[in-house]
Structures are given as structure tokens and as C-alpha cells.
Amino acid sequence: MKVAGKSKLQYFVENLIQSSLTVIKVLLMSKVFIKKVKVESKQKACVILGNGPSLKDSIANHADFLLDKDLVAVNFFWKSDAFTQLKPYYYVIVSLNYWTTDKTDFNDAGRKQTFGALAEKVTWKMNLIVPAQAKSKKDWDAELRKNPNITIQYMNITPVEGFTFFENMLFKANLGLPRPHNVLIPSIKLGIDLNYEQVYVLGADHSWLKELYVDDKNNVWLTQKHFYEQQNKPAEVMYHGTSNEVRNLAEVLMKFVHSFNSYWVLKKYAASRKVEVINATKDSFIDAFDRITL
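Residues numbered from 1 in each chain as written. Predicted model: local features only at pLDDT ≥ 70, side-chain atom pairs only at ≥ 80, totals over all residues. Heavy atoms only, no water.

**Student:** I'd like a rundown of the packing of helix H7 (residues 184-193) against helix H8 (residues 249-272), residues and numbers included.
**Tutor:** The contact between H7 and H8 brings their axes to 10 Å, and the two run at 5 degrees. Taken together, H7 and H8 sit at an angle that is classed as roughly parallel. Between H7, through Leu184, Ile185, Ile188, Lys189, Ile192 and Asp193, and H8, the contact on the second element is made entirely by Ser259, Ser262, Tyr263, Leu266, Tyr269 and Ala270. Considering only residue class, the contact of H7 with H8 consists of 8 nonpolar, 2 polar and 2 charged. (Axes fitted to C-alpha atoms, helices over the stretch in contact; angles between N-to-C directions. Helix = DSSP H or I, 4+ residues; strand = E, 2+ residues; numbered from the N terminus. Parallel < 35°, antiparallel > 145°, perpendicular 65-115°, else oblique. Contact = heavy atoms within 4.5 Å. Nonpolar A, V, L, I, M, F, W, Y, C, P; charged D, E, K, R; others polar.)

**Student:** Account for unusual backbone geometry, naming residues and giving values.
**Tutor:** At Asn75, a position not held by glycine, the phi torsion is positive, near 50 degrees. Turning to its location among the elements, Asn75 is positioned in the loop between strand S2 (70-74) and helix H3 (82-86). According to the relative accessible area criterion, Asn75 is partly exposed, its value standing at 24%. One non-glycine residue with positive phi stands out, namely Asn218, at about 70 degrees. Structurally, Asn218 can be placed in the loop between strand S7 (212-214) and strand S8 (220-222). (Buried < 20%, exposed > 50% of the residue type's maximum accessible area, 1.4 Å probe, protein only.)

**Student:** Would you mind going over H8 in detail, with residue names and values included?
**Tutor:** Helix length check: H8 (24 residues) gives 35 Å between terminal C-alpha atoms against 34 Å at 1.5 Å per residue, within 8%. When H8 is considered as a whole, its buried residues turn out to be Val252, Lys255, Phe256, His258, Ser259, Phe260, Ser262, Tyr263, Val265, Leu266, Tyr269 and Ala270. In this structure, the buried residues of H8 make contact with helix H6 (164-172), H7, S7, S8 and strand S9 (276-279). Between a side-chain oxygen at the N-terminus of H8 and the backbone nitrogen of Ala250 the separation is 3.2 Å; the capping residue is Asn248. Phi turns positive, to about 60 degrees, at Lys274, one or two residues after H8. (Expected span 1.5 Å × (residues − 1). Polar contact = N/O pair within 3.5 Å; in protein donor to acceptor, adjacent residues only side chain to side chain.)

**Student:** Could you give me a rundown of the environment of Lys172, with the residues and numbers involved?
**Tutor:** Topologically, Lys172 is positioned in helix H6. Between the C-alpha atom of Lys172 and that of Asp193, which follows or precedes it by 21 residues, the distance is 6.9 Å. Leave out the neighbours within four places in its chain, and Lys172 touches Lys36, Tyr269 and Arg273.

**Student:** Describe the pairing of S9, and please don't skip the residues or the numbers.
**Tutor:** Here 4 bridges tie strand S6 (residues 198-202) to S9, and the two strands are oriented parallel to one another. For Val201, the partnering residue across the bridge sits in S9 and is Asn279. Taken together, the 2 bridges between S9 and strand S10 (residues 290-291) define a ladder with parallel strand orientation. Along S10, the bridge assignment pairs Asn279 with Arg291. (Pairing = 2+ DSSP bridges.)

**Student:** Outline the environment of Gln113, listing residues and values.
**Tutor:** Relative to the helices and strands, Gln113 resides in helix H4 (residues 108-121). Placed 35 residues apart in sequence, Gln113 and Trp78 show a C-alpha to C-alpha distance of 9.7 Å.

**Student:** Tell me about the side chain of Thr223, and please be specific about residues and values.
**Tutor:** As for its placement among the helices and strands, Thr223 is situated in the loop between S8 and H8. Judged by its relative accessible area of 10%, Thr223 falls in the buried class. Every residue in contact with Thr223, bar those within four places of it in the chain, is listed here: Glu211, Lys233, Pro234 and Ala235.

**Student:** Go over the sheet that holds strand S1 (residues 45-49) with me, naming the residues and quoting the values.
**Tutor:** Read across the sheet, 8 strands follow the order S5-S4-S3-S2-S1-S6-S9-S10 without closing on themselves; strand pairing throughout is parallel. Each having just a single partner strand, strand S5 (150-155) and S10 make up the two edges of the open sheet.

**Student:** I'd like a description of H6, backed by residues and values.
**Tutor:** For H6, the set of buried residues is Phe166, Glu167, Asn168, Leu170 and Phe171. If you follow the buried residues of H6, they end up packed against helix H1 (8-29), H7 and H8. Once H6 ends, the next one or two residues include Asn174, with phi positive near 60 degrees.

These results come straight from atomic positions and should not be treated as a statement about function.
Set out below in C-alpha cells:
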């Protein structure tokens, strides 16, 4: 991440340290021999369907844009009627909350609902992309395995940082990602790795800064709106992973910083693979990718 005022020597030392730490993380966290995601598709482009509120309008008014492209759904997209209508070819879930062994985890019900819904609703060929860590977990995929239309494939989500050439080398080898602070980051990388000529992004509003506030008790509140929910959704606090520890404002903003910086990292990676990443989301806060208006 570039910061104004730093010298070339500072950048070199920082990248050297980050690269060294990344080697350790990859050795400890990544599944080195895991197979790369492979699919058979004749389409030249894919569209990532982020769950931001703008996706509702995009689907309603620009459905023709989706016709000749492979679709990538994420997280709770199954809650929308659009799931069975659009029949996404990929479904990406990378939150480790889905595979935690902590049964008090607030996401436990959501995890069961999601896998149950996918197992029940999918009547077309679909690739479910999950973290490599899920491969060693037991029973979570029992219902999914009963559906012959669903193929489960794995992706290493180890955070990779360091020299650009070093990052790109590990990305291409499926050993890690730019800091995966939201599901859009691995979804974009998936499109790049599968050699689509264009990777379009919809529903990536990322307009969280407008929805952020701090109350008189110093609690940080954020309304994360999704296209499949009511627009008057109440604000919520943000937690650290599966814990009950609430994030403070600095931690919330740092999470945003890492997310937006990861898009710039992906932009460089896409260029190295000769893939165009194009943001087609109206009023999106992501400033890394070229834009089009549908």
C-alpha cells in the first residue's frame, strides 16, 4: 500500500518484510497441493453479482447484459428470487465463520440456512467455491454432496503482501489472495484466474462511509444494505470474526482501507494476466477499476 512521502528505500524494506512474512503465512495456512479451480465454459466474460442495493435495479432493468456471460453469486444471494432465475455458474463463500466449530457463533444459523438452501434449490450445474480450510472440516458439506449439480472447489484465502511480482506469482499459483476482507475480492480473483477476457462487477456499491456513525457511548454503527433486504434495515455494530468483540472506529475504517487497497492490487494482477476488470455498478465507491454505465 503506497503512502505519500515514503522513500524508495522505505518501500523496499517494507515490501521485503511483508514478502518474508507472507512466505511464513503461506507455509502455515495455505494448502500447497490443493487443485486450482477448473471449469468448462465457452463464455468470454463473467459478471460478479455483489449483494449491494444497486443490484436490484441492475437485474430489473439490465437483464439482457447478463445473458451471454457466466454469473458469480456470493454469500446470501440465494435469499433472492433472482438466484433460481439467473442460475449462477459460480457461488463464492469465503467467510471462515461458516466453518467455525464454535456453536455459539452468531452466524451458525445463517451457515445452515445457506448450505441447506443451495442443496435444495440448485437444479443446474454450479461450482461452489470455498476456502481451502473447509476441506479438513467434517459434515458441513453432507447435504451439498447429495446434489449432483453442485461441484465443490477450493481456494486458498491466505493474505498475500509484498513485492508486486511476488504477489502475482503466489496469486497465480493459488496460494493466496490480496487481503480478503470481503467476498468480492476472491470473486474478482477467481474471474482473473479463469482467464475471462472481461470480469464485470455489479452490486459493488461499497458506500459504507455514508452509513457509518458513532453514538454517545462510542459504539460504532454501520448499516450494510443488501439488495434482497428491506431498505430500512437497522444499523449494526461490527465484530471481530466469530468473536463477540466489537470493532472500534479505527478498526472499522482499517477494514475498509484494506478492502479498497485490495482492489488496486487486483488491478495490477489483472493487467499481468491481460484481463479487464470493469466496474458496472452505479455510484460505486470502488475507484480502482475502469467503469461503464449500463
